Amino acid sequence: MGIASDDERSELMNLETMESISFPLTPHVISTSVNVNYNDVGGVGASSVDQVYANTSAEETTIEFPYYRVGLANSGGLSVETATAAMEYHRSFVRSLTLPGTRSDGLSKGAPPLCLLTIPGHLTWKCRVRSPRTDTRKGDDGKLLELKMTITFKEEWTEALSSEDILEKGYSRG
């Protein structure tokens, strides 16, 4: 809503509804982490332990997306009202990805939706929004002037992932 979509912008898509947002600025530095879990098994009186592989967690990244009403209005050709509405919509959109939707019979879908996060030149992941945090600053008019969304994403594998897949697909695994 309000912010143009192009091949240079990061995008977050709800894979249940196919709705998406494009972030105004694409980060240039992305830090990811993964945990490889082992169980230590030692013999009685042994001087060391054997590491027995248990599993590898999904990769996780936390990214900051800044929004500036003035910048959106000036560079995006948006009115102040449209820029403010876009910022509010993006905040609501990301927050909506932390809750399950409702089925046609009125019951919960059971889990928040799977998403597709695309950061051009860095990664394409099927993931879930894990912990969004927002910091806001309002102008004298009482409307959003700045919005900073810091979002943690955790990759969700919809099929088994192997070391060969990582070498073949790299970070474009969406």
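Since this is a predicted model, take the numbers as computed values, not measurements. (Residues numbered from 1 in each chain as written. Predicted model: local features only at pLDDT ≥ 70, side-chain atom pairs only at ≥ 80, totals over all residues. Heavy atoms only, no water.)

Further remarks concern helix H2 (residues 80-96). For H2, built from 17 residues, the straight-helix expectation of 24 Å at 1.5 Å per residue is met to within 8% by its first-to-last C-alpha distance of 24 Å. Listed as buried for H2 are Ala83, Thr84, Ala86, Met87, His90, Phe93 and Val94. The elements touched by buried residues of H2 are strand S1 (11-14), strand S2 (20-22), strand S6 (60-68), helix H1 (69-75), strand S8 (123-138) and strand S9 (144-155). (Helix = DSSP H or I, 4+ residues; strand = E, 2+ residues; numbered from the N terminus. Expected span 1.5 Å × (residues − 1). Buried < 20%, exposed > 50% of the residue type's maximum accessible area, 1.4 Å probe, protein only. Contact = heavy atoms within 4.5 Å.)

The next thing to look at is the state of the cysteines. Overall, the coordinates contain zero disulfides when judged by the stated rule. No disulfide involves Cys115; its sulfur sits 5.5 Å from that of Cys127, the nearest cysteine. Taking the relative accessible area as the measure of exposure, Cys115 reaches 0% and is therefore buried. (Disulfide = S-S within 2.5 Å.)

Attention shifts here to the pattern of salt bridges. According to the stated counting rule, one finds ten salt bridges in the structure shown. Note that Arg91 and Glu88 form a salt bridge whose closest N and O atoms lie 2.8 Å from each other. Note that Arg91 and Glu88 are positioned in helix H2 at a spacing of three residues, about one turn of the helix. For Arg91, a relative accessible area of 25% translates into the label partly exposed. (Salt bridge = Lys/Arg side-chain N within 4 Å of Asp/Glu carboxyl O.)

Quick look at the sheet that holds strand S3 (residues 32-33) now. As summarised here, the arrangement of the seven strands in space is S2-S1-S7-S8-S9-S6-S3, forming an open sheet in which the pairing is antiparallel. Unpaired on one side and paired on the other, S2 and S3 mark the two borders of the sheet. When S3 meets S6, the two strands line up antiparallel, connected through two bridges. Each bridged residue has a counterpart across the sheet, and for Ser33 the counterpart in S6 is Glu60. (Pairing = 2+ DSSP bridges.)

This next bit is on the confidence of the model for the protein chain. Confidence in the prediction for the protein chain averages 89 pLDDT; 97% of positions are at 70 or higher. Mean pLDDT per element in the protein chain: H1 is the minimum at 83, and S1 is the maximum at 96. (pLDDT = per-residue confidence, 0-100.)

Most often, soluble globular proteins keep nonpolar side chains buried together rather than apart. Membership of the largest hydrophobic core comes to 28 residues, with the highest contact counts inside it found for Leu12, Phe23, Tyr67, Leu117, Val129, Ile151 and Phe153. When contributions to this core are tallied by element, the ones reaching two or more residues are S6, H2, strand S7 (115-119), S8 and S9. Apart from the residues lying within four places of it in its own chain, the contact partners of Ile151 are Phe23, Thr61, Thr62, Ile63, Phe65, Val94, Val129, Ser131 and Pro132. (Core = buried A, V, L, I, M, F, W, Y, C linked by side-chain atoms within 4.5 Å.)

Attention now goes to a nonpolar patch on the surface. On the surface, a nonpolar cluster with roughly 310 Å² of combined accessible area is contributed by Val36, Tyr38 and Tyr53. Relative to the elements of secondary structure, Tyr53 occurs in strand S5 (residues 49-56). For Tyr53, a relative accessible area of 49% corresponds to the partly exposed category. (Patch = residues over 30% accessible without salt bridge, like charges linked within 9 Å, V, L, I, M, F, W, Y side chains within 5 Å. Areas by Shrake-Rupley, 256 points an atom, 1.4 Å probe, with all protein chains shown as cover.)

Attention now moves to the packing of aromatic side chains. This model, assessed by the stated rule, comprises three aromatic pairs. Relative to Phe93, the ring of Tyr89 has its centre 6.1 Å away and its plane inclined at 35 degrees; by these criteria the two rings are tilted. Note that Tyr89 and Phe93 are positioned in helix H2 at a spacing of four residues, about one turn of the helix. (Phe/Tyr/Trp six-rings, centres within 6.5 Å; stacked < 30°, edge-to-face > 60°.)

With that out of the way, let us pick up the side chain of Thr84. Summarising the element assignment, Thr84 is placed in helix H2. According to the relative accessible area criterion, Thr84 is buried, its value standing at 7%. In this structure the side chain of Thr84 is engaged in a polar contact, spanning 2.8 Å, whose partner is the backbone oxygen of Val80. Aside from chain neighbours lying at most four places away, what touches Thr84 is Arg69, Lys143 and Leu144. (Polar contact = N/O pair within 3.5 Å; in protein donor to acceptor, adjacent residues only side chain to side chain.)

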